[in-house]
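Below, each chain spelled out in residue letters.
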Amino acid sequence: MTAGPIAIEAATLADAPMITELRLGAARDLTTRFGSGTWSFAAESEFGVRNDITYSLVLVARDEGRVLGSLKLSTQSPYLRQIAGFTPVDRPIYLTAMAVTPRRQRQGIGRRLLEEARLAAVELCGQAIRLDSYDSPSGAAEFYQKAGFREVARGDYNGTPLVWFETMLGAE
């Protein structure tokens with residue numbers, strides 16, 4: 001099954017409740033499928049999502065008004081330390097909080113979100129998009145690799161095994 005006419009656009013504050021539920025639903029689904037993990041302790045709140053929308057660029061995939069997927073782009077690193085392996089650039093863009101409603105996964109929505117994220121990152125004068133994925137069966141490493149992201153490092157970050165990825169912008 002493929003996704004229908006999905007619109008990808010910047011989130012508004014009115015989307016905060018749906019994005020909050022999307023993120024929490026994705027975390028619950030990971031717990032159901034893979035057992036307890038870092039995702040099981042997701043503490044998303046509408047306040048936090050509103051903050052994301054206010055201070056970052058949050059993109060949503062929407063079908064008939066319903067938010068089916070979302071991601072966040074920011075110029076602020078989510079990491080408390082440097083991650084070795086990233087290509088040195090003056091303006092990296094960090095992609096975090098990507099989620100697609102579980103019943104609509106594997107229908108191209110995530111891929112469409114990433115395509116729009118690339119365009120938006122260029123508009124933000126970004127030179128690279130950086131992100132991480134769980135280094136476990138619950139992670140999305142294969143998805144990011146298929147979407148053109150290059151693995152740059154693996155390691156433990158605050159007790160969570162992660163894989164870091166990047167894709168360069170503007171050289172295409």
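Okay, so let's go over this structure. Note that the structure is a prediction, hence the values are computed from the model and not measured.

**Some remarks on the packing of aromatic side chains**
Phase 1: One pass over the structure, following the stated rule, counts 8 aromatic pairs.
Phase 2: Aromatic side chains tyrosine 79 and tyrosine 157 sit 5.6 Å apart centroid to centroid with 80° between the ring planes, which places their arrangement in the edge-to-face category. Of this pair, tyrosine 79 sits in the loop between β3 (66-74) and β4 (92-100) while tyrosine 157 sits in strand β6 (residues 150-157), placing them 78 residues apart in sequence.
Phase 3: Given a relative accessible area of 10%, tyrosine 79 falls into the buried group.
Phase 4: Summarising the aromatic geometry, the rings of tyrosine 157 and tryptophan 164 are spaced 6.3 Å apart at their centres and angled 85° between planes, so their arrangement reads as edge-to-face.
Phase 5: For tryptophan 164, a relative accessible area of 2% corresponds to the buried category.
Phase 6: Three or more aromatic residues joined by ring pairs make a cluster, and in this case those are Tyr79, Tyr94, Tyr157 and Trp164.

**Considering the nonpolar core**
Phase 1: Ranked by size, the top nonpolar core spans 25 residues in total, and within it Leu59, Leu71, Leu73, Leu95, Leu113 and Phe149 carry the most contacts.
Phase 2: For this core, the secondary-structure elements that each account for two or more residues are β2 (57-63), β3, β4, α3 (109-123), β5 (128-134), α4 (141-146) and β7 (160-168).
Phase 3: When near neighbours in sequence (up to four residues on either side) are disregarded, leucine 59 contacts Ile8, Glu9, Ala10, Gly69, Ser70, Leu71, Leu73, Leu113, Glu116, Ala117 and Ala120.

**Things to note about the sheet that holds β4**
Phase 1: One open sheet accounts for 7 strands, arranged β1-β2-β3-β4-β5-β7-β6; its pairing is mixed. Strands with a single pairing partner mark the edges of an open sheet, and in this sheet they are β1 (7-10) and β6. Neighbour to neighbour, the strand axes of the sheet diverge by 25° on average, direction disregarded.
Phase 2: One ladder, built from 3 bridges, connects β4 with β5; its direction is parallel. Bridge pairing links tyrosine 94 to arginine 130 in β5.

**Observations concerning α3**
Phase 1: For α3, with 15 residues, the first-to-last C-alpha span of 21 Å sits near the 21 Å given by 1.5 Å per residue.
Phase 2: Of all the residues in α3, the buried ones are Ile109, Gly110, Leu113, Leu114, Ala117, Arg118, Ala120 and Ala121.

**Let's talk about the side chain of aspartate 15**
Phase 1: For aspartate 15, the location among the structural elements is in the loop between β1 and α1 (16-34).
Phase 2: On the accessibility criterion, aspartate 15 (3% relative accessible area) is buried.
Phase 3: There is a polar contact of 2.9 Å between the side chain of aspartate 15 and the side chain of arginine 62.
Phase 4: Those residues in contact with aspartate 15 that lie beyond four places of it in its chain are Ala10, Val60, Arg62 and Val67.

**What to know about helix α2 (residues 46-55)**
Phase 1: Buried within α2 we find Val49, Asp52 and Ile53. Looking straight down α2, one finds that the buried residues subtend no more than 95° of arc, so they occupy a single side. Away from its buried face, by an angle of more than 90 degrees, α2 presents the exposed residues Phe47 and Tyr55.
Phase 2: In this structure, the buried residues of α2 make contact with α1, β2 and β3.

**Structural notes on the pattern of salt bridges**
Phase 1: On inspection of all chains with the given rule, the structure shows 14 salt bridges.
Phase 2: One salt bridge connects glutamate 46 with arginine 50, and the closest N-O pair in it is separated by 3.4 Å. Of the two residues, glutamate 46 and arginine 50 both sit in helix α2, 4 residues apart, roughly one turn of that helix.
Phase 3: A relative accessible area of 33% means that glutamate 46 is categorised as partly exposed.
Phase 4: Between arginine 154 and aspartate 135 there is a salt bridge, with the nearest N and O atoms lying 2.6 Å from each other. Within this pair, whereas arginine 154 is found in strand β6, its partner aspartate 135 is found in the loop between β5 and α4, the two being separated by 19 residues in sequence.
Phase 5: A relative accessible area of 48% means that arginine 154 is categorised as partly exposed.
Phase 6: The network of salt bridges with shared partners includes Arg23, Glu44, Asp52 and Lys72.

Calculation rules
- Residues numbered from 1 in each chain as written.
- Predicted model: local features only at pLDDT ≥ 70, side-chain atom pairs only at ≥ 80, totals over all residues.
- Heavy atoms only, no water.
- Phe/Tyr/Trp six-rings, centres within 6.5 Å; stacked < 30°, edge-to-face > 60°.
- Helix = DSSP H or I, 4+ residues; strand = E, 2+ residues; numbered from the N terminus.
- Buried < 20%, exposed > 50% of the residue type's maximum accessible area, 1.4 Å probe, protein only.
- Core = buried A, V, L, I, M, F, W, Y, C linked by side-chain atoms within 4.5 Å.
- Contact = heavy atoms within 4.5 Å.
- Pairing = 2+ DSSP bridges.
- Axes fitted to C-alpha atoms, helices over the stretch in contact; angles between N-to-C directions.
- Expected span 1.5 Å × (residues − 1).
- Polar contact = N/O pair within 3.5 Å; in protein donor to acceptor, adjacent residues only side chain to side chain.
- Arc of directions from axis to C-beta.
- Salt bridge = Lys/Arg side-chain N within 4 Å of Asp/Glu carboxyl O.

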